[in-house]
Amino acid sequence: MTRTPTGARHAPARSTRRPVHTGHAARGGIVMALVLLAGCAGPVTVRHVSLVHSYRDSARTALQGGRPGDDTMIVLRRHGLLPAWRSDPDRAIATLRTQAKDHDDEADVLFALAELSYRQGLRHHHVQDFLAAAVYAYAFLQPGQADSPSPYDERFRQACDLYNLGLTAAFPAPVNITAQTRVLPFGDIVLDADPAQLRWHGRLLERLQPTATLGVGGIPNVYRTPGLGEPLTALARPDPAFAPPPSAPSVPHDAKHLTQPSAVADLTGPAHDDALRAIATPAPHDGDTRTSGDPTGSGASTTGDGSFSVSDRLRVPASLLLEIDDPRAQVLGMHLTGRLVLRVMDESPDTPIGHARVPAEYDQTAARALSLVDTALWTKEYRGFFDGTTYDGTRPRLIAMTPHRHGNMPVVFIHGTASSPYRWAIMVNDLLEDRRIRDHFDFWFFSYATSNPIPYSAWQLRHAITQAVDSLGGVKADPALGHITLVGHSQGGLLARMLVINPGDRLWDGTAGRPLSSFHLNDSTRDLVRETMFPTAMPEIQRVVFISTPQHGSYLAAMSIARLVGSMVSLPVRVTETARDIVTGAGDSTHLNNRVLRLGSVYAMSPRSAFMRTLPTIPMAPDVQANSIIPVCGNPRDLAHADDGVVTYESAHIPDVQSELVVRNSEHSTQSNPATIAEVQRILLLQLAQNPLRDMPPAAAPGTPRHTRRTVVARP
């Protein structure tokens, strides 16, 4: 036996197991507990989301370039095709198409097929996929049918967009509207098209271009008319094969005219020989007939020495529809039939389909903007100022936006110095969105060399309006032509004023300082002086709207720098020769030299010029209604010391107007100011209220007062 020494301790045996740490054990227990709890938790959860997040999820669609929307994903899941869509989209679409025949959710499947096909079109840029999307969307919508989807269904508008954009991709520029057979992923579709629909008021519609892929800049308010169809712009040019129906020639205007280039014409068209255009034009027919120098707007020559036509560069808003009879019965077959239908906005705001009239989609602002880009109107702004011969040798320019329609009252826009009709774009774009204005007024635009003497440019304007009225048959044929409104900005307002005054010899005597009879002039010079300096009020003009008009001259024109610029311009030979003849014919008078030779518009608009001191003293004809719009910089308390950077308030203010609107915080170029546009809109609607019927009576005879009161309105 072995003894243990006294006091010795037994050492504990070393364990082979690692110690368990309590922290790790606790975490493991928690994990196990969570796993057990998860096994017992329900599969449905509800959480709060923001309004933006909620709408974004519900509004998601393939139109945005991402995955299809929830409604389409539901269809894929219900039909067990979600994995197939992710692996082989074309096969998934083909399978879903076959399953649609025997299921109760046909409408849901058709919408899904439209969105899935559109998504494939975006992926592979295949035209047939986009066309299939449009066909499926049309079948889902089945416009004109009793069981069409509710307009409150969010898929309704999405299907319209799938249809419209699908057509845009399937019929790119240049859009070809002819009978054709198009391939689809599952077969084909035979499309019929009536070639007659490409003729519009004696014009051919060509160079059709989609607007969905055009971005408009420079016009802040872009207007689109929602509906069904591919929005287009169409170039309307005169149809050379069109022969207007024979009719009695119109009666020329009674006013006396000098030999003058064509007065009313295409602003951007080629300068034709004026002798070729001096052909009599038939008078327009009665009724709601559009005319453009003839009853159909074909651009034929007009009476006398002018012509009246819509611009050859004008683009009109149009819409292309692909219509399918009984679409849900056809869409699941291999061979479909349909037709291509072209609508133009001014005559077809909607289209008959089945038992309903379906609104057509238009992009009117894009069409107007493209017209401006094509014509490049702004390129003549400074050229027209420095070169007074810009329009001489061709013709003065009065252009209509659309063919004239019987009963529509003309509104003539007259731009200011170093400007062009382009500057009216924003205002016109807004005004035309008021259907009352669009349906009852024609918009005409006058262009002129703004450096020329104001009386000379006013004479050109007078001649242009006269030729326009005559070319359309005169006031007897259409009394609305006797209710013309002039809207003049800056110098354009002075031109307008020259057309509504009866100065007798006051304007000449005040400018020249002596009677015309004391001058020894040749017949040509004397005739031009009488036409320009002895005007009479035009009876066709019922209203004048002055905008930023220097009624008493512009302080800017009196500055030395402005006079230096004015000395750099060139005037027409006819003007300079007339001025020299006047100085020569004055005999021993030498004080006329500066007065007469400085007839350019810059000198005339100086407050110190004899012309500018005389014109305001001549009242407008009593039968003319006048309205004034005066912008001022900032928000001054004292209007007596306010100005717009070019014209002072005191210069623009005149007492004999029906209303005066002061547009505060606006500079001289106020045509695009919302307050200015709203005021012009109000004035035109007032004009319409005074002449409510298309078959209105002729304009009041000269001397019959039209305005009854004057109001002065100042708005902050």
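Analysis parameters
- Residues numbered from 1 in each chain as written.
- Predicted model: local features only at pLDDT ≥ 70, side-chain atom pairs only at ≥ 80, totals over all residues.
- Heavy atoms only, no water.
- Helix = DSSP H or I, 4+ residues; strand = E, 2+ residues; numbered from the N terminus.
- Buried < 20%, exposed > 50% of the residue type's maximum accessible area, 1.4 Å probe, protein only.
- Contact = heavy atoms within 4.5 Å.
- Areas by Shrake-Rupley, 256 points an atom, 1.4 Å probe, with all protein chains shown as cover.
- Lys, Arg positive; Asp, Glu negative; His and termini not counted.
- Salt bridge = Lys/Arg side-chain N within 4 Å of Asp/Glu carboxyl O.
- Polar contact = N/O pair within 3.5 Å; in protein donor to acceptor, adjacent residues only side chain to side chain.
- Expected span 1.5 Å × (residues − 1).
- pLDDT = per-residue confidence, 0-100.
- Core = buried A, V, L, I, M, F, W, Y, C linked by side-chain atoms within 4.5 Å.
- Arc of directions from axis to C-beta.

Our next topic: the overall build of the protein chain. Scanning the protein chain from N- to C-terminus turns up 26 helices and 19 strands. Residue burial in the protein chain is summarised as follows: out of 716 residues, 53% are buried. Within the protein chain, contacts between residues separated by at least 24 positions form 79% of all contacts whose residues are at least 6 apart in sequence. Total accessible area on the protein chain stands at roughly 32,200 Å², and carbon and sulfur atoms take up 56% of it.

With that out of the way, let us pick up the side chain of Arg-343. Along the chain, the position of Arg-343 falls in strand β8 (residues 335-344). Within the buried set, Arg-343 has no salt-bridge partner at all; the shortest N-O distance to an opposite charge, 4.9 Å, is to Glu-323. Polar side-chain contacts of Arg-343 include one of 2.8 Å to the side chain of Thr-351.

With 17 residues, helix α26 (residues 674-690) extends 24 Å between its outermost C-alpha atoms, agreeing within 8% with the 24 Å of an ideal straight helix rising 1.5 Å per residue. Near the N-terminus of α26, the side chain that reaches the backbone nitrogen of Ala-675, with its oxygen 2.8 Å away, is that of Asn-673.

For the rest of this paragraph, the subject is the confidence of the model for the protein chain. Detailed reading of predicted coordinates is not advised where the pLDDT is low. Across the protein chain, the average pLDDT comes to 78, with 71% of residues at or above 70. Summarising per-element confidence for the protein chain, the mean pLDDT is lowest in helix α9 (residues 274-277) (29) and highest in strand β16 (residues 541-547) (98). Taken together, the stretch residues 245-252 has pLDDT below 50 and engages in 15 contacts with residues farther than four places along the chain or on a different chain.

Before going further, it helps to examine the nonpolar core. For soluble globular proteins, the rule of thumb is that nonpolar side chains tend to be buried together. In this structure, Tyr-163, Phe-171, Ile-189 and Leu-322 are the most contacted members of the largest nonpolar core, which totals 71 residues. By residue number, the principal contributor to this core is helix α7 (residues 127-141), which donates twelve residues. Not counting chain neighbours up to four residues away, the residues in contact with Tyr-163 comprise Ala-134, Ala-137, Tyr-138, Leu-228, Gly-229, Leu-321, Leu-322 and Glu-323. If you look at the next biggest cluster of nonpolar residues, it comprises 49 residues, including Ala-400, Leu-472, Val-500 and Phe-546.

Taken residue by residue, helix α3 (residues 70-78) has Thr-72, Met-73, Val-75 and Leu-76 as its buried positions. Within α3, the buried residues cover an arc of 155° as seen down the axis, which keeps them to one side. In this structure, the buried side of α3 is in contact with α4 (82-87), α5 (89-99) and α6 (106-124). Among the residues trailing α3, Gly-80 stands out with phi positive, at a value near 65°.

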